[in-house]
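Here are the chains, one letter per residue:
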Amino acid sequence: MITRMSPVALVAASLFLTGCGGGAVAATDHTSDPVPAPASSSPSPSSAVSAEAAPRQLPGVGPKMLARIPAASEQVVLVTGRAANSPLATLALYERTDDGWQRTASWSAHNALKGWSDHHMAGDLRSPIGVYSLTDAGGLLKDPGTKLSYDHGSGFVSPGTGFEGEPLAGSFDYVIAINYNRQPGTSPLDWTRPLGSSRGGGIWIHVDHGGPTHGCVSIAEGHMKELLRTLDPARHPVIVMGDAAALGH
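Residues numbered from 1 in each chain as written. Predicted model: local features only at pLDDT ≥ 70, side-chain atom pairs only at ≥ 80, totals over all residues. Heavy atoms only, no water.

**A word on the confidence of the model for the protein chain**
Note: predicted coordinates in regions of low pLDDT should not be interpreted at a detailed level. Looking at the protein chain, the pLDDT average stands at 83 and 77% of residues meet or exceed 70. pLDDT under 50 marks residues 1–19. Its contacts with residues more than four places away, or in other chains, come to 33 contacts. Below pLDDT 50 for its whole length, residues 21–56 participates in 88 contacts with residues either more than four positions away or in separate chains. (pLDDT = per-residue confidence, 0-100. Contact = heavy atoms within 4.5 Å.)

**Points about the pattern of salt bridges**
Applying the stated criterion across every chain, the model contains 4 salt bridges. Arg235 is the salt-bridge partner of Glu95, the closest N and O atoms lying 2.6 Å from each other. You can see Glu95 sitting in strand β2 (residues 88–97) and its partner Arg235 sitting in the loop between α3 (221–230) and β12 (238–243), a full 140 residues away along the chain. Connected through salt bridges with shared partners, the residues Glu74, Glu95 and Arg235 form a single ionic network. (Salt bridge = Lys/Arg side-chain N within 4 Å of Asp/Glu carboxyl O. Helix = DSSP H or I, 4+ residues; strand = E, 2+ residues; numbered from the N terminus.)

**Points about a nonpolar patch on the surface**
Judged by side-chain polarity, Leu140, Leu141 and Val157 come together as a nonpolar surface patch covering roughly 190 Å² of accessible area. Checked against the element boundaries, Leu140 lands in the loop between β7 (136–139) and β8 (149–152). (Patch = residues over 30% accessible without salt bridge, like charges linked within 9 Å, V, L, I, M, F, W, Y side chains within 5 Å. Areas by Shrake-Rupley, 256 points an atom, 1.4 Å probe, with all protein chains shown as cover.)

Next comes the structure, spelled out in structure tokens:
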């Protein structure tokens, strides 16, 4: 568990004052696979399900997007946006079992103010479409019991108000970093941007503040705690996110 932030993280934290990471998280190009392929081309039965046992796709997820989910991934956070330009979405958690994909939770969510983009850029107020791994978490509050690496520190602050005048305080009490243009295995506050700062960053799942985000996905605090306690790095969790039309390709 990470309990202290480096000087670099402290500098990065000051840039989060614009809300939802303030464009601080790195972006992964939608045209490439941001999730590493499994180490073995022949995963064991415990890490993958045969085509006969599992459905061809997750509900609403088309073959192109489905193909980007690693065979080793046994947990999928599926975020389905209401429309390409809408900030409203549903977040559902699926787990791969011997009988296929099973939905274990479904909650209302917010995404970015202007909806979605398959080529996210800093400041575009759109959430990135794609498949991204989930490896690191953190927050202003102490670890609620997650198996993910958790950075507990004072850098997770979100002052000010949102797009609808709602207070942002508490939004970063719990966060899960989405590995979009960031270095996996580091604090969500880490400033590394493999694709460069112009491609945006700071894309997290975080506590909902009652309105659209700058690029993140947000759900209620109780649901954040449940999600944190459920995700297991040994099951290689990923997030599949985008508007319904984009996901269906």
